[in-house]
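A closer look at the structure
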Amino acid sequence: MAKEAINKTNAARLLDRAGIDYTLVPYVVDPENLDARHVAESLGEDINRVFKTLVLRCDKGYFICVVPGNSEVDLKKAAKAMGAKKAEMIHMKELLPLTGYIRGGCSPIGMKKPFATFFHNTATGYDTIYVSAGVRGLQLCVNPIKLIEYTCASVVDLIKDTDGDE
C-alpha cells in the first residue's frame, strides 16, 4: 500500500519560509472527541508534550495561550501575562472568523493576524513539542524554543495548579 502524501498547511509553509525544522504528524480524528488527550493517545505521545492553542480576550484585546494538553489555563495567570485584570476564553463561534482556524485545528502559527502569544513554561523542557498544524488530524512536531522565538511569544506559568494530583 502506497503511503499517502501529507498536504502542507499554511502553518507548515510559514515554518519552511522561516527555516524552522518540523515534522508533520497525522493522527485519526474523532469528531466526537477533539481534546488533546485523544490526540496524544493517537500519536502515542506524552500528553505533557502535546500542547493546545487557546484564544482568550481581555480589555487589552485578544491573545493566545499555548498550554499542555492535560491542563487548564488559569485565567488569572493569563490575564496577568497580558497585563490585564481579567481574561476569558472566546466563544467557539468567534474562533474561525478571528483566527482562520476551527476547534481542534487551531495552530499558534499563521492566524489571520498576529496576537500576543504565551507558552506555558513547561514547553521549554522538551526537545520537541506537538502543536496543531492548522487542521484537524495533523500535528507539528517542532522545537519549542524555535517556535516560541518565531511566534514572538513569552514563556510564563499559565496553568491551574493541580495540587499534586496529576
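Structure's up top.
Overview of the structure. (Residues numbered from 1 in each chain as written. Predicted model: local features only at pLDDT ≥ 70, side-chain atom pairs only at ≥ 80, totals over all residues. Heavy atoms only, no water.)

**What about helix α1 (residues 10–18)?**
Turning to α1, its buried residues number three or more, namely A11, A12, L14 and L15. Taken end-on, α1 shows its buried residues confined to a sector of 160°, consistent with a single buried face. Check the buried side of α1 and you find it contacts β1 (22–26), β7 (138–142) and α5 (144–150). Downstream of α1 by a residue or two, G19 has a phi angle that is positive, lying close to 75°. (Buried < 20%, exposed > 50% of the residue type's maximum accessible area, 1.4 Å probe, protein only. Helix = DSSP H or I, 4+ residues; strand = E, 2+ residues; numbered from the N terminus. Arc of directions from axis to C-beta. Contact = heavy atoms within 4.5 Å.)

**A short note on the pairing of strand β3 (residues 61–68)**
Most of β3 is tucked away, with 6 of its 8 residues classed as buried. As defined by bridge partners, strand β2 (residues 51–58) adjoins β3 across 8 bridges and the pair is classed as antiparallel. Following the sheet pairing, L56 is matched in β3 by F63. Taking the residues between adjacent antiparallel strands as the criterion, β2 and β3 are bridged by 2 residues. For β3 and strand β5 (residues 116–120), the ladder comprises 4 bridges, and the chain directions are parallel. Within β5, the residue paired with V66 across the bridge is F119. (Pairing = 2+ DSSP bridges.)

**What to know about empty space enclosed by the protein**
In the structure shown here, the tally under the stated rule is 1 cavity of 30 Å³ or more. When its volume is computed, the largest cavity comes out at roughly 40 Å³. Along the walls of the largest cavity sit Y27, V29, D30, N33, L34, H38, V39, G104 and R136, which together make up its complete lining. Looking at the lining of the largest cavity residue by residue, the classes come out as 4 nonpolar, 3 polar and 2 charged. (1 Å grid on protein atoms, 1.4 Å probe; cavity = no way out; pocket = protein on both sides within 12 Å on 5 of 7 lines; lining within 4 Å. Points joined across faces, edges and corners; volume = space filled by probe spheres on them. Nonpolar A, V, L, I, M, F, W, Y, C, P; charged D, E, K, R; others polar.)

**Let's talk about the sheet that holds β1**
Pairing within the open sheet is antiparallel, and its 3 strands lie in the order β1-β7-β6. Every interior strand has two partners, whereas the edge strands, β1 and β6 (129–132), have only one. On average, each strand axis in the sheet is tilted by 30° relative to the strand beside it, whichever way the strands run. Bridge analysis of β1 against β7 gives 5 bridges, and the strand direction is antiparallel. Bridging from a neighbouring strand, L24 pairs with L140 of β7. (Axes fitted to C-alpha atoms, helices over the stretch in contact; angles between N-to-C directions.)

**Side note on helix α2 (residues 36–43)**
Given 3.6 residues per turn, any residue in an α-helix points the same way as the ones three and four places further on. For α2, every residue scored as buried is listed here: A36, H38, V39, A40 and L43. Here the buried face of α2 lies against β1, β6 and β7.

**Section: the pairing of β6**
One ladder, built from 4 bridges, connects β6 with β7; its direction is antiparallel. Opposite I129, over in β7, you have V142 as the bridge partner. Counted along the chain from β6 to the antiparallel partner β7, the turn is 5 residues long, and its residue G134 has a positive phi close to 110°.

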